[in-house]
Amino acid sequence: MYYSNIIIMKPVIKLFILLFVLTDSLQAQIVKPLDEVRWPESDSTAKYHTVNGFRHGVNFFPKVKYTEVEYTPSSTLTFDKFHSADVVYHWMRKWAELYPNLVDMYEVGRSYEGRMIYQITLTNKDTGKATEKPAAFFEGGRHSGEVSGVESTLWLMKHLIEGYGKDPQITKIIDKNTIYLRPVNNPDGHNLYMHTAQSNRSTVRPMDNDGDGLLDEDGPEDLNGDGYILQVRYKSPEGSYVIDPGDPKGRLMKRVEQGKGDYNVESEGIDNDGDGRINEDGIGGLDLHRNYAENWRPMQEATGRGWTQGGAGEFPLSESETRAVFTFLLANPNIYVVNSMDTTVPMHLRPPSTAPSSAMFPEDLKWYELFDGIGKNITGYARAGDVYNDYGNGSPLFGHGPDFGYWYYGAIWYGDEIWNSGRASKDYNNDGVIDDIDRMIMNDEEYDGKAFIDWKPFKHPLLGEVETGGWNPKFFSQNPPASQIEKWAANQALFNLEMIKHLPELQWDNFEIKKLKTYKQDSTDYQVKVSYRNAGKLPTALRQADLVKIVRPDQVKISLVKSAFEGENPKAKFLPEPGAIPQQERQRSRSGGEGGGTNEITRSAGFARGESVNSLTFTIRVYGNLEIEGTATVSTTRAGVLPEKSFVIK
């Protein structure tokens, strides 16, 4: 429309507009580009951390620097502290620069606020393309406050990259496999958590969590400015708490019947929306682990009689962070094992999420049960099992990652929960039960009393004289103390490494060339038997992966020298195999033609079990007394590709 208007204008006006456009274009060429976005976590001059999006509550919070977190990278990477996203990305870039033949770092998506989501691919490029090897994918930081998964992913990166060429087992793993590592899949939430007192587990997209029509209007407030959202206790004649007599220092609170206690206990904050509740609608609320396409359910449905799922989002994969996982996995179906790590149970957590394990293919379930046991032996977690029964006691989780991972993607997919919420590991006072008294004794004896923040007087703007205190919400209740993070991160990473060790591994086995029959017309039929071995433990695909067609059956292709098929009197041809399914056999010439005169044939070999040999036979008729050279290759979706192997028919 703009250009058609210019056409009917008078020449003088057209000339004026042309000069204006040209002048504007020239000026645009000399204008300096805009500065890169300065995110509040990376801006040392910013006093507040702001979040984007319209909300009815505040969207800025005082910045906090925790002694448990490393915000500026040091010369060496250690795990006696947690690491900000900036530090994580520093090491990813550094490894990509130091080991260009092993590490690629790249952006896989953008977060709700527009932050880049980074990932690395780790493999030896000299031994083949990343997409032509069996692969694993490990992710942390989906739930913003559950930063232990970030540390485990980072620990595994360091362990593998710096172990290459030194540890023979690690060297073999990186030579033969591809490992995709995404430490921070929710950078908005991660940065909010690490730089402020907020302890959300979601993205920062505004949501109405309490159903009052307002967005994020009643979040926690760090009223006393100590950097934590703690508990508030205050005297009340209608109290529901008393000081637990089992703790001589008077720190623990014990719930009793309402009106029979001396205290009430609330979360630190105020009732911003006047609904009688405190901190029930803070920043965000959408759960990236309920946003997957498989078995997704809405947050509300019209009848009131169907299933719903809190935090599910407006529609499946509505969130860019989830789509960044979904699209990458579908574009890289060589990925076989996955762990997307959270906190806190602790538990090796796997599918199904909406049905009992008996709904799975039995042969697939056996692999999961094997990894359950392996995981418990490595990490010491007391629990391992499916989401539906072992975690939820028969309550489903919809749109859940493990359900997507198995039913939709046909992979070994765990959503492991790291750390134990700071629960006591033993009966410290020998009273026959493990409870909060033991937890407090453990705090005093093993953590120098630092896991519990002692009660301190404070004047609440609404309640008056109160005390604030309680368990450290970030680095004890939700994640380990900094002194313990390496133990938990490493053990979880070593379980993930063990799953990599079970990936299929293709090797060539014997080639057998046998003369079947010689004809008087001076032709001979030969049988070429191609055998390949899966030296790994997992089959080349799970049954579920085949069912949903995420994978293709193993393909064996043989190619004969093209000259044997040229001219009016070709010297060779492929014969149909008895019982072969037409759809499973493809013949073509290297020029792309179909049908007669083809010098290549590809046939489906099904799927190779672990530690077994698969074989296929091809029948070839050769005219005259000739030697014909050929090659064979094997191609699989999840076990990778075998390079060409030569043979001679004679």
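See the structure printed just above.
Residues numbered from 1 in each chain as written. Predicted model: local features only at pLDDT ≥ 70, side-chain atom pairs only at ≥ 80, totals over all residues. Heavy atoms only, no water.

**Looking at the overall build of the protein**
Logical step 1: A count of helical and extended segments in the protein gives 14 helices and 29 strands.
Logical step 2: Along the first, second and third principal axes, the C-alpha atoms of the protein reach 110 × 95 × 60 Å.
Logical step 3: Counting over 650 residues, the protein shows a buried share of 53%.
Logical step 4: Taking all contacts inside the protein whose residues are at least 6 apart in sequence as the whole, residues at least 24 apart take part in 70%.
Logical step 5: For the protein, the exposed area adds up to about 30200 Å²; of that, 51% sits on carbon and sulfur atoms.
Logical step 6: Averaged over its 72 positive side-chain charges, the protein has a centre that lies 9 Å from the centre of its 90 negative ones. (Helix = DSSP H or I, 4+ residues; strand = E, 2+ residues; numbered from the N terminus. Buried < 20%, exposed > 50% of the residue type's maximum accessible area, 1.4 Å probe, protein only. Contact = heavy atoms within 4.5 Å. Areas by Shrake-Rupley, 256 points an atom, 1.4 Å probe, with all protein chains shown as cover. Lys, Arg positive; Asp, Glu negative; His and termini not counted. Charge placed at Lys NZ, Arg CZ, Asp CG, Glu CD.)

**Examining the packing of aromatic side chains**
Logical step 1: Enumeration according to the criterion identifies 30 aromatic pairs in this entry.
Logical step 2: A centroid spacing of 5.6 Å and a plane angle of 85 degrees characterise the contact between Y48 and F60, whose relative ring orientation is edge-to-face. With Y48 in strand β1 (residues 48–50) and F60 in strand β2 (residues 60–62), the pair connects residues that are 12 residues apart, well separated along the chain.
Logical step 3: On the accessibility criterion, F60 (41% relative accessible area) is partly exposed.
Logical step 4: An aromatic cluster of at least three residues, connected via ring pairs, comprises Y381, W419, Y447, F452, W455, W471, F476 and W488.
Logical step 5: One Lys or Arg, R439, reaches over the ring of W471 and ends 4.2 Å from the middle of that ring. (Phe/Tyr/Trp six-rings, centres within 6.5 Å; stacked < 30°, edge-to-face > 60°. Lys NZ or Arg CZ within 6 Å of the ring centre and 35° of its normal.)

**Examining unusual backbone geometry**
The phi angle of most residues is negative, glycine excepted, and most peptide bonds adopt the trans form.
Logical step 1: The step from V345 to P346 runs through a cis peptide bond, and the omega angle for that step is -10 degrees.
Logical step 2: Here P346 is to be found in the loop between β14 (342–343) and β15 (347–350).
Logical step 3: Each neighbour pair has its own omega, and for P351 with P352 the value is 0 degrees, a cis peptide bond.
Logical step 4: Mapped onto the elements, P352 comes out in the loop between β15 and α8 (362–379).

**Quick notes on the sheet that holds strand β6 (residues 116–122)**
Logical step 1: With respect to topology, six strands assemble into an open sheet ordered β5-β6-β8-β7-β13-β17, the strand pairing being mixed. The open sheet has two free edges, formed respectively by β5 (103–110) and β17 (412–414), since each of these has just one partner strand. Strand-to-strand twist across the sheet, computed as the mean angle between neighbouring axes with direction ignored, equals 15 degrees.
Logical step 2: Two elements, strand β13 (residues 335–340) and β17, share three bridges in a ladder whose sense is parallel. Looking at β17, one finds that V337 is bridged to I412. (Pairing = 2+ DSSP bridges. Axes fitted to C-alpha atoms, helices over the stretch in contact; angles between N-to-C directions.)

**A look at the environment of G163**
Logical step 1: With respect to the secondary-structure elements, G163 resides in helix α4 (residues 148–163).
Logical step 2: By relative accessible area, which is 10% here, G163 ends up buried.
Logical step 3: It is 33 Å that separates the C-alpha atoms of G163 and F404, two residues lying 241 residues apart in sequence.
Logical step 4: Contacts of G163, omitting those with residues within four sequence positions, involve K158, I170 and T171.

**Notes on the packing of α4 against helix α13 (residues 485–501)**
Logical step 1: Where α4 contacts α13, the axes come no closer than 8 Å and their chain directions differ by 65 degrees. Of the two possible hands of crossing, α4 and α13 adopt the one that is right-handed. When α4 is examined against α13, the residues S148, E151, S152, W155, L156, H159 and L160 are found in contact with a partner set consisting of I485, E486, A489, A490, Q492, A493, L494, N496 and L497.
Logical step 2: Residues belonging to the contact of α4 with α13 are distributed by class as follows: nine nonpolar, five polar and two charged. (Left-handed = near helix turned anticlockwise from the far one by under 90°. Nonpolar A, V, L, I, M, F, W, Y, C, P; charged D, E, K, R; others polar.)

**Considerations on the environment of I117**
Logical step 1: Residue position: I117 is located in strand β6.
Logical step 2: As a C-alpha pair, I117 and E107 span 10 residues in sequence and 5.6 Å in three-dimensional space.
Logical step 3: Beyond its immediate stretch of four places on either side in the chain, I117 contacts Y106, E107, V108, G109, R110, S111, R182, V184, N185, P187, E321 and A324.

**Here we look at the nonpolar core**
Logical step 1: With 92 residues, the main nonpolar core has L122, I335 and I412 as its most contacted residues.
Logical step 2: With 27 residues, the next largest nonpolar core counts Y526, A572, A605 and I620 among its residues. (Core = buried A, V, L, I, M, F, W, Y, C linked by side-chain atoms within 4.5 Å.)

**Some points on the pattern of salt bridges**
Logical step 1: Summed over the entire model, instances satisfying the criterion amount to 28 salt bridges.
Logical step 2: K176 serves as the salt-bridge partner of E505, at 3.6 Å between the closest nitrogen and oxygen. With E505 in the loop between α13 and β21 (506–519) and K176 in helix α5 (residues 168–176), this residue pair connects regions lying 329 residues apart in the sequence.
Logical step 3: The exposure class of K176 is partly exposed, given its relative accessible area of 38%. (Salt bridge = Lys/Arg side-chain N within 4 Å of Asp/Glu carboxyl O.)

**So, the pairing of strand β27 (residues 612–623)**
Logical step 1: Two elements, strand β22 (residues 523–534) and β27, share 12 bridges in a ladder whose sense is antiparallel. Across the sheet, the residue bridging to V530 is L616, located in β27.

**Things to note about the pairing of strand β26 (residues 600–604)**
Logical step 1: In terms of residue burial, β26 counts as a mostly covered element, since five of its five residues are buried.
Logical step 2: Along β26, one buried face is formed by E600, T602 and S604 and the opposite face, lined by I601 and R603, is buried too.
Logical step 3: Bridge count between strand β23 (residues 555–560) and β26: five bridges; the pairing is antiparallel. Paired with K557 across the strands is T602, a residue of β26.

**A look at the packing of α4 against α5**
Logical step 1: The contact between α4 and α5 brings their axes to 8 Å, and the two run at 100 degrees. Our classification of the angle between α4 and α5 gives roughly perpendicular. Every residue of α5 that contacts α4 at H159, L160 and G163 is listed here: I170, T171 and I174.
Logical step 2: Residues belonging to the contact of α4 with α5 are distributed by class as follows: three nonpolar, three polar and no charged. (Parallel < 35°, antiparallel > 145°, perpendicular 65-115°, else oblique.)

**Quick notes on helix α11 (residues 436–446)**
Logical step 1: Along α11, the residues classified as buried are I437, D438, R439, M440, M442 and N443.
Logical step 2: Buried residues belonging to α11 abut β19 (452–460), β20 (464–471) and α12 (473–478).
Logical step 3: For α11, the side-chain oxygen to backbone nitrogen distance between the N-cap and I437 is 3.1 Å, and the N-cap itself is D435.
Logical step 4: Within two residues after α11, D448 carries a phi angle of roughly 55 degrees, on the positive side. (Polar contact = N/O pair within 3.5 Å; in protein donor to acceptor, adjacent residues only side chain to side chain.)

**Describing a nonpolar patch on the surface**
Logical step 1: Taken together, the side chains of Y48, V58 and F60 define a hydrophobic patch exposed on the protein surface, amounting to about 290 Å² of accessible area.
Logical step 2: For V58, the location among the structural elements is in the loop between β1 and β2. (Patch = residues over 30% accessible without salt bridge, like charges linked within 9 Å, V, L, I, M, F, W, Y side chains within 5 Å.)

**Focus: the environment of R552**
Logical step 1: With respect to the helices and strands, the residue R552 is situated in the loop between α14 (543–547) and β23.
Logical step 2: Non-local contacts of R552, meaning those with residues more than four positions away in its chain, are made with F607 and T637.

Purely spatial values, then, with no claim about function.
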